[in-house]
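A look at the structure
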Amino acid sequence: MSHEIVIGCVGKPSAGKSSFLNAATDANAKVGNYPFTTIEPNYGITLYPTPCPCAKYGKTELCAPRYGRCKDGTRFIPVKMLDVAGLVPGASEGKGLGNQFLDDLRQAHVLLHVVDVSGTTNEKGEETVGYDPVNDVEWLRQEIHSWIFNNMWRKWSNIVRRHTATKAVAAHTLQAQLSGYGTRLPQVMQALDTMGVKEPAGMETWDKARVEELVWVFIDVRFPTILVLNKVDMPASDQNIARICKRYPDAKMVPTSALAECFLRKMKAQEYIDYTEGSEYFYTKEDEDVDPQVAERLKPPDDRIV
C-alpha cells in the first residue's frame, strides 16, 4: 500500500454513503433512494484541520503550504476518501456486490461505517418503516470476518505445514497470508500481542475458534472503524441512536446529517450564507455577528429556501 491515507465509507445500500462522501469531500457522487446506486467506488478529497506551525511562530500571513492549505493558523491536510458499493448480508458469499465491495475495502486504512439511523431502510437498503438499525453494526463486521476467515481457514492445514517445515515466526507466516488485505508486519505483530501469543506460537495446535479469534483481533487492528450515525434529523433517529449507544458503549460514533451538510455547502456556493465546512454555525446577511465585509457579498435570504 502507498503512504497515502485512505478512508473508506462502508455500509449497507441507501445508508447515505455517497451523500456523506459529497458532504465531506469535493466529490460529486451519484446519489439515489434505491439500492446499489454506487457500483464503482467513488473517490473524493477531504480536508483534516489541525493547528499549523505558522501560528506558533507568527508567520500566518506568509504561510503557503505546498500540500493542502492554511487559513488563519489552521492547516487543512488533504485525505483521500472512497465510497464503495453497499454491503448486504451474505456479501462474503458473493451476494449483492459483495465480492467487489470486499475487494475495494482493501484500499482503506480506516473505515467509516455509515449507519442509517432513521429506520427507513432495511438490511438490503430497501425502503421500509420502523427498521431497527442496531443489527447493521454487527453484521457488517461479521461479513468482513467471514470474508477473511473463510479465505484463511480453507488453507489452514497447508499454512501450518509450511510454517512448521520452515520453522518460521508466526508473525511472518501470518503476514504473508494477510498481505492481500494490505497488511503490514507491525499490524500482525500487534494482533498477536493482543492475543497474548508468544514464540513459539504453536500454530499447529490452533483450532477453528483460535483462528476465528485471530481474525476478530486482526479486523480491529487492520480496519479501525468509526460509526457514522447518518440521517439524525429524521423522527425515529433519536431512539435508534440511544439503542446503538447502549448496545455498543465502547464504539466510536459521530452523529451526522449528510444531506443537511450538502445543502449548507450549496447555499454557501450560491452566497446565501457564510459557512465553514464542518462548523456548528452559519451566518446570513441579516445576522448581527456576520463580518460586515462578508455581509456585503451575501444575498438576502430567499423565502423559498427558508
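Up top you'll find the structure we're talking about.
Quantities reported herein were computed from a predicted structural model and do not represent experimental measurements.

Details of helix H10 (residues 258–269)
Its twelve residues give H10 an end-to-end C-alpha distance of 17 Å, which sits within 8% of 16 Å, the value for a rise of 1.5 Å per residue. Taken together, the buried positions of H10 are occupied by Ala258, Glu261, Leu264 and Met267. Among the structural elements, helix H1 (17–24), strand E6 (225–230), strand E8 (274–275) and strand E9 (282–283) are those in contact with the buried residues of H10. Of the residues flanking the end of H10, it is Glu271, one or two places downstream, whose phi is positive at about 65°.

Quick word on the nonpolar core
Ile144, Ile148, Trp156, Leu174, Leu192, Met203 and Trp206 are the most contacted members of the largest nonpolar core, which has 39 residues in total. Looking at this core, the elements that each hand over two or more residues are strand E1 (6–10), helix H4 (134–153), helix H5 (156–166), helix H6 (170–178), helix H7 (185–195) and helix H8 (208–222). With sequence-adjacent residues up to four places away left out, Ile148 is seen in contact with Leu178, Tyr181, Val215, Phe218, Ile219 and Phe223. Core analysis: the next-biggest nonpolar cluster, separate from the first, contains twelve residues, Ile7, Cys9, Ala23 and Val114 among them.

Topic: the packing of H7 against H8
The contact between H7 and H8 brings their axes to 9 Å, and the two run at 125°. When the interaxial angle is binned, H7 and H8 end up oblique. In the packing of H7 onto H8, the handedness of the crossing is right-handed. For the pair H7 and H8, the contacting residues are Gln187, Gln190, Ala191, Leu192, Thr194 and Met195 in the first and Arg210, Glu213, Leu214, Val217, Phe218, Val221 and Arg222 in the second. Of the residues belonging to the contact of H7 with H8, the class tally is seven nonpolar, three polar and three charged.

A short note on the pairing of E1
Looking down a regular strand, the side chains alternate between one sheet face and the other. Across the five residues that make up E1, a large majority, five, are buried. The pairing of E1 with strand E4 (residues 74–83) spans four bridges and is classified as parallel. Following the sheet pairing, Val6 is matched in E4 by Lys80. As defined by bridge partners, E1 adjoins strand E5 (residues 110–116) across four bridges and the pair is classed as parallel. Along E5, the bridge assignment pairs Cys9 with Leu112.

Remarks on a positive patch on the surface
A surface patch of positive charge is lined by Arg154, Lys155, Arg161 and Arg162. With respect to the helices and strands, Arg161 occurs in helix H5. Since its relative accessible area comes to 52%, Arg161 is described here as exposed.

Brief notes about the pattern of salt bridges
On inspection of all chains with the given rule, the structure shows nine salt bridges. We note a salt bridge from Asp116 to Lys231, for which the minimum N-O separation is 3.1 Å. Of this pair, Asp116 sits in strand E5 while Lys231 is found in the loop between E6 and helix H9 (237–247), placing the two residues 115 residues apart along the sequence. Its relative accessible area of 0% is what places Asp116 among the buried residues.

Concerning H8
Between the first and last C-alpha of H8 there are 21 Å, a value that for 15 residues agrees with the 21 Å anticipated at 1.5 Å per step. Among all positions of H8, only Val211, Leu214, Val215, Val217, Phe218, Ile219, Val221 and Arg222 are buried. Structurally, H8 contributes buried residues whose contacts are with H4, H5, H6 and H7.

Focus: the environment of Asp72
Position of Asp72 relative to the elements: it lies in the loop between strand E3 (69–71) and E4. According to the relative accessible area criterion, Asp72 is exposed, its value standing at 67%. As for Asp72 and Cys54, which are separated by 18 residues in sequence, their C-alpha atoms are 9.1 Å apart.

Some thoughts on the packing of aromatic side chains
If you walk through the whole model with that rule in mind, you get five aromatic pairs. A centroid spacing of 6.0 Å and a plane angle of 15° characterise the contact between Trp156 and Trp206, whose relative ring orientation is stacked. Taken as a pair, Trp156 in helix H5 and Trp206 in the loop between H7 and H8 lie far apart in primary sequence, 50 residues in all. No difference in accessibility class separates Trp156 from Trp206, as the two residues are buried. Through pairs of rings, three or more aromatic residues link up here, namely Phe149, Trp153, Trp156 and Trp206. When the ring centre of Trp206 is taken as origin, the NZ or CZ atom of Arg210, which lies over that ring, is 5.5 Å away. Against the face of Tyr272 rests Lys299, its NZ or CZ located 5.2 Å from the ring centre.

Definitions and limits used
Residues numbered from 1 in each chain as written. Predicted model: local features only at pLDDT ≥ 70, side-chain atom pairs only at ≥ 80, totals over all residues. Heavy atoms only, no water. Helix = DSSP H or I, 4+ residues; strand = E, 2+ residues; numbered from the N terminus. Expected span 1.5 Å × (residues − 1). Buried < 20%, exposed > 50% of the residue type's maximum accessible area, 1.4 Å probe, protein only. Contact = heavy atoms within 4.5 Å. Core = buried A, V, L, I, M, F, W, Y, C linked by side-chain atoms within 4.5 Å. Axes fitted to C-alpha atoms, helices over the stretch in contact; angles between N-to-C directions. Parallel < 35°, antiparallel > 145°, perpendicular 65-115°, else oblique. Left-handed = near helix turned anticlockwise from the far one by under 90°. Nonpolar A, V, L, I, M, F, W, Y, C, P; charged D, E, K, R; others polar. Pairing = 2+ DSSP bridges. Patch = residues over 30% accessible without salt bridge, like charges linked within 9 Å, V, L, I, M, F, W, Y side chains within 5 Å. Areas by Shrake-Rupley, 256 points an atom, 1.4 Å probe, with all protein chains shown as cover. Salt bridge = Lys/Arg side-chain N within 4 Å of Asp/Glu carboxyl O. Lys, Arg positive; Asp, Glu negative; His and termini not counted. Charge placed at Lys NZ, Arg CZ, Asp CG, Glu CD. Phe/Tyr/Trp six-rings, centres within 6.5 Å; stacked < 30°, edge-to-face > 60°. Lys NZ or Arg CZ within 6 Å of the ring centre and 35° of its normal.

These results come straight from atomic positions and should not be treated as a statement about function.
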